[in-house]
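Each chain is listed here by its residues.
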There are 2 protein chains.
Amino acid sequence: MNVRVLSPEEASFEHSPGQDGDIFFANLVDERHGGPVTIGYGRYWPHQRLQETMTVGDVMVLLEGALTITSGGEARTAAPGDIVDMPKGETVEIRALEAGALTA
Amino acid sequence: MNVRVLSPEEASFEHSPGQDGDIFFANLVDERHGGPVTIGYGRYWPHQRLQETMTVGDVMVLLEGALTITSGGEARTAAPGDIVDMPKGETVEIRALEAGALTA
């Protein structure tokens, strides 16, 4: 079926290009599948930090752990079940707390 | 900040138009916010079922419970952490199991 159910167990996590921290991503759906979006998981080890300016909009759902999101001088901590909406063009720092984090 | 952290606690769940089952949606970001995507949560009570033909592509992340997704004659059950990719144009049946479900 063209409808897909994806799970973290079938994902192969890799270092993101240009990142040297213990942050890993696994893309399960991307432009190779002909769709307009990239879908995958991210795994952050404890205390890892990622800063980026969004070249595309990204919506992240926190599945496990906790992340502090800082943008425009404001910080907010996300818990499991929270959705982080990061529009194109925004500069965002994502920092994992003690427990690390798994995101979709 | 333009970056937003959304949580299920701040969502107000409502019946989806045209639905009379115990399935509720809460949109937190939509075209009113100027972005290209709608972001929200869905809550399915036990054994509720939703059938639709996708007028836009939808990516659903299962946060709690279990859902059986049927499309093109194939069925697969999604567990928490699973991502369901439902491209535009596909006909999908989403059925909640015993525990109901919370989706992002």
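See above for the structure.
Nothing here was measured: the structure is a model prediction, and the numbers come from that model.

(A) Main features of the overall build of chain A. Along the backbone of chain A there are zero helices and nine strands. Helices and strands in chain A line up, N terminus first, as β-β-β-β-β-β-β-β-β. Structurally, chain A occupies a C-alpha span of about 45 × 30 × 30 Å along its principal axes. Within chain A, contacts between residues separated by at least 24 positions form 57% of all contacts whose residues are at least 6 apart in sequence. Carbon and sulfur atoms provide 47% of the accessible area of chain A, an area that totals close to 5,400 Å².

(B) Expanded view of the side chain of A:T68. Residues and elements named next belong to chain A. Secondary-structure assignment places T68 in strand β6 (residues 58-71). A distance of 3.0 Å separates a polar atom in the side chain of T68 from a polar atom in the side chain of T77. Non-local contacts of T68, meaning those with residues more than four positions away in its chain, are made with A75, R76, T77, E93, I94, R95 and L97.

Here is what the cut-offs are and how they apply
Each chain has its residues counted from 1, following the order in which its sequence is written. Chains carry letters and ligands carry numbers; both start at the beginning, A for chains and 1 for ligands, and go up in the order they are written. Only residues with pLDDT of at least 70 get local features here, since the model is predicted, and only at 80 or more are side-chain atom pairs given and counted; chain-wide, interface and lining totals rely on the full set of residues. Side-chain measures here rest on the full set of heavy atoms in the structure, leaving out hydrogens and waters. Numbering goes from the N terminus for both helices and strands, where a helix is a DSSP run of H or I of at least four residues and a strand is a run of E of at least two. A contact between two residues is defined here by any heavy atoms of the two lying within 4.5 Å. Computed with a 1.4 Å probe, the accessible areas rest on the Shrake-Rupley method; for each residue, only the protein chains presented here act as cover. Identification of polar contacts relies on pairs of N or O atoms within 3.5 Å, with a donor-acceptor requirement for protein atoms, meaning one able to donate a hydrogen and the other able to accept it, and with residues adjacent in sequence counted only if both atoms are side-chain atoms.

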